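Results of the structural survey
Listed here are the chains, written in short residue letters.
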Amino acid sequence: MTEHSDEDTEFITLSSDGLWKVMSNQEAYDCNADLEDAEEAAKKLIEEALNRGSMDDISCMVVAFL
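Note that the structure is a prediction, hence the values are computed from the model and not measured.

**Here's the deal with the pattern of salt bridges**
This model, assessed by the stated rule, comprises 5 salt bridges. Between Asp17 and Lys21 there is a salt bridge whose closest N-O contact spans 3.6 Å. A relative accessible area of 59% means that Lys21 is categorised as exposed. The salt bridge involving Glu48 is made with Arg52; its shortest N-O contact spans 2.8 Å. Connected through shared salt-bridge partners, Asp17, Lys21 and Asp56 make up one network.

**Focus on the nonpolar core**
Counting 12 residues, the largest nonpolar core consists of Phe11, Leu19, Met23, Ala28, Cys31, Ala41, Ala42, Leu45, Ala49, Ile58, Cys60 and Val62. Of all the secondary structure elements, the ones that give two or more residues to this core are α2 (25–32), α3 (38–51) and β2 (60–64). Among the elements that make up this core, the one with the highest residue count is α3 (4 residues). The residues contacting Ile58, other than those within four sequence positions of it, are Ser16, Gly18, Leu19, Ile46, Ala49 and Leu50.

**Considering the layout of surface pockets**
There is about 200 Å³ of room inside the largest pocket. Thr9, Glu10, Phe11, Ile12, Thr13, Trp20, Asn25, Ala28 and Tyr29 together form the lining of the largest pocket. Elements supplying a minimum of two residues to the lining of the largest pocket: β1 (11–15) and α2. Residues of the lining of the largest pocket, tallied by class, amount to 5 nonpolar, 3 polar and 1 charged.

Criteria and thresholds
- Residues numbered from 1 in each chain as written.
- Predicted model: local features only at pLDDT ≥ 70, side-chain atom pairs only at ≥ 80, totals over all residues.
- Heavy atoms only, no water.
- Salt bridge = Lys/Arg side-chain N within 4 Å of Asp/Glu carboxyl O.
- Buried < 20%, exposed > 50% of the residue type's maximum accessible area, 1.4 Å probe, protein only.
- Core = buried A, V, L, I, M, F, W, Y, C linked by side-chain atoms within 4.5 Å.
- Helix = DSSP H or I, 4+ residues; strand = E, 2+ residues; numbered from the N terminus.
- Contact = heavy atoms within 4.5 Å.
- 1 Å grid on protein atoms, 1.4 Å probe; cavity = no way out; pocket = protein on both sides within 12 Å on 5 of 7 lines; lining within 4 Å.
- Points joined across faces, edges and corners; volume = space filled by probe spheres on them.
- Nonpolar A, V, L, I, M, F, W, Y, C, P; charged D, E, K, R; others polar.

Shown next as structure tokens:
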């Protein structure tokens, strides 16, 4: 399946349920809205999930459209 993003798409977050069990899509966006480095954005999301008590495995990748 191929889907095209629109010009307003800033980034896409791909993550395991360890992140999504403790954070909504909007919270993930808000956490990284001001970051431009995709690797730092992924690290920040993982750190936030751990701070929120996630006990599941956490994998995260952020793809930024700069």
